[in-house]
Amino acid sequence: MAHLEASLVLVSDIHLVSPDDERGQLLLEVLQRLTQSPVAYFVLLGDIFDFCLGSHPYFQHKFRPLGEALEKVAASGTRVIYIEGNHEFRMRDMPWKGVNFVENGTVVIALASGEKVQLAHGDMIYSHRRYKAFRYVVKSRFVTAVARMLPGAWMDRLATKGSKVSRAADQYRAIEHDKILGALDSWLETGEGDFGICGHFHVPYAEARRDGRKGGVLSVDCWDKPNLLAFRKGGFFRLDVKALDELQWYPTEPVVRSGLLSSPSAYSLSQ
């Protein structure tokens, strides 16, 4: 079994409905591989679940296989960071040992090779005021406390159905790359990172920094086409999760701008 050798491995927007479905089994396979790989950081950038209330016993039981697999990854020496997405609530209440949960905001990590990477789910970087107000309310302590008293299976069915309806409408919405990247640029320029990485937008960005410095803005694509993003050998690569045995790493490709700024000694985009 080939190792996923990397300084940093990231997943996002899997929108997992069940650990037993195809996406769930693929994720569990990735986690098993990580326990046997020299990876410094494994980051889940949110919306790993289509819906999850971490304080509810129903969801704690339903997603126990994933939690146990993440605990094994953490026990193997990899630092596991879980940044909560907009489809997830009170993930810090999940009884998963060794998993560092972050409810909101930006996380900055320093890789052994010297690069600083700042991470966030992405929904609060670019969104309307109405959305931010709505997010604040639905994630409030009062609302999540009330939700904990409701039947978990009922909430699960209702939220999953709502997510499907919302995603079906996404194909008719224009993606405003300039506005999204402008917000991501501002987020990166006011932070500490050389690179800024997020999920949420379901677009595989790999764009040069607006300010001309080394680094760039990247995003982890959703699992409509299951993939990983990783920093290895001085650059960022994507890996097709459905071809783990082949272990073919693909250099990131820009979506809007020219590629990430690079130098011969670092930030290389080729193996």
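Because the structure is predicted, anything quoted here is derived from the model rather than measured.

### Re the sheet that holds strand 10 (residues 206-208)
Turning to step 1, where the next piece is worked out: The mixed open sheet is built from five strands, whose spatial order is 7-8-9-11-10. Taken across any chain shown, the strands that pair with only one partner, and hence form the sheet edges, are strand 7 (107-110) and strand 10. Across the sheet, the mean angle separating the axes of adjacent strands is 20° when strand polarity is ignored.
Turning to step 2, where the next piece is worked out: Looking at chain direction, strand 10 and strand 11 (residues 216-219) are connected through three bridges and run antiparallel. Pairing of Ala208 across the sheet is with Gly216, part of strand 11.

### Some remarks on the packing of aromatic side chains
Turning to step 1, where the next piece is worked out: Evaluated as defined, the whole model comprises nine aromatic pairs.
Turning to step 2, where the next piece is worked out: Note on Phe195 and Phe231: the rings are 6.3 Å apart at their centroids and 55° apart in plane angle, and the pair reads as tilted. You can see Phe195 sitting in strand 9 (residues 195-198) and its partner Phe231 sitting in strand 12 (residues 227-232), a full 36 residues away along the chain.
Turning to step 3, where the next piece is worked out: A residue is classified by how much of its surface remains accessible, and Phe231, at 2% relative accessible area, is buried.

### Section: the sheet that holds strand 14 (residues 249-251)
Turning to step 1, where the next piece is worked out: Here we have seven strands laid out as an open sheet, ordered 6-4-2-1-12-13-14, and mixed in their pairing. The open sheet has two free edges, formed respectively by strand 6 (99-102) and strand 14, since each of these has just one partner strand. Each strand of the sheet is rotated relative to its neighbour by a mean of 25°, with strand direction disregarded.
Turning to step 2, where the next piece is worked out: Both strand 1 (residues 6-11) and strand 12 contribute to a ladder of three bridges, which runs antiparallel. Bridging across to strand 12, Val9 finds its partner in Ala230.
Turning to step 3, where the next piece is worked out: Contacts from helix 3 (residues 64-75) reach strand 2 (39-44), strand 4 (79-83) and strand 6 within the one sheet, and its direction differs from that of strand 4 by about 135°.

### Details of the confidence of the model for the protein chain
When pLDDT is low, close inspection of the predicted coordinates is not appropriate.
Turning to step 1, where the next piece is worked out: Across the protein chain, the average pLDDT comes to 90, with 92% of residues at 70 or higher.
Turning to step 2, where the next piece is worked out: Confidence drops under pLDDT 50 across residues 262-271; counting only partners more than four residues distant or on other chains, this segment forms 24 contacts.

### A closer look at the environment of Cys222
Turning to step 1, where the next piece is worked out: Its place among the elements puts Cys222 in the loop between strand 11 and strand 12.
Turning to step 2, where the next piece is worked out: Taking the C-alpha atoms as reference points, Cys222 and Glu68, separated by 154 residues in sequence, lie 23 Å from one another.
Turning to step 3, where the next piece is worked out: If sequence neighbours within four positions are ignored, Cys222 has contacts with Ser12, Asp13, His202 and Asn227.

### Let's talk about the nonpolar core
Turning to step 1, where the next piece is worked out: Among the nonpolar cores identified, the biggest contains 45 residues, and Phe49 and Trp96 are the most heavily contacted of them.
Turning to step 2, where the next piece is worked out: Aside from chain neighbours lying at most four places away, what touches Phe49 is His15, Leu16, Phe63, Leu66, Tyr82, His87, Glu88, Met91 and Trp96.
Turning to step 3, where the next piece is worked out: In terms of nonpolar packing, the next biggest core, distinct from the first, is built from 22 residues, Val102, Ile109, Leu111 and Leu119 among them.

### So, the side chain of Asn86
Turning to step 1, where the next piece is worked out: Looking at where Asn86 falls in the secondary structure, it is placed in the loop between strand 4 and strand 5 (88-89).
Turning to step 2, where the next piece is worked out: Here the side chain of Asn86 touches His121 through a polar contact of 2.9 Å, side chain to side chain.
Turning to step 3, where the next piece is worked out: There is a polar contact of 3.3 Å between the side chain of Asn86 and the side chain of His200.

### A few points about unusual backbone geometry
Turning to step 1, where the next piece is worked out: The phi angle at His200 is positive, at roughly 75°, despite the residue not being glycine.
Turning to step 2, where the next piece is worked out: Looking at the element boundaries, His200 is found in the loop between strand 9 and strand 10.
Turning to step 3, where the next piece is worked out: At Leu247, a residue that is not glycine, the phi angle is positive and equals roughly 50°.
Turning to step 4, where the next piece is worked out: Following the sequence through the fold, Leu247 ends up in the loop between strand 13 (235-240) and strand 14.
Turning to step 5, where the next piece is worked out: Here Leu247 falls in the buried class, since its relative accessible area comes to 17%.

The rules behind these values
Residues numbered from 1 in each chain as written. Predicted model: local features only at pLDDT ≥ 70, side-chain atom pairs only at ≥ 80, totals over all residues. Heavy atoms only, no water. Pairing = 2+ DSSP bridges. Helix = DSSP H or I, 4+ residues; strand = E, 2+ residues; numbered from the N terminus. Axes fitted to C-alpha atoms, helices over the stretch in contact; angles between N-to-C directions. Phe/Tyr/Trp six-rings, centres within 6.5 Å; stacked < 30°, edge-to-face > 60°. Buried < 20%, exposed > 50% of the residue type's maximum accessible area, 1.4 Å probe, protein only. Contact = heavy atoms within 4.5 Å. pLDDT = per-residue confidence, 0-100. Core = buried A, V, L, I, M, F, W, Y, C linked by side-chain atoms within 4.5 Å. Polar contact = N/O pair within 3.5 Å; in protein donor to acceptor, adjacent residues only side chain to side chain.

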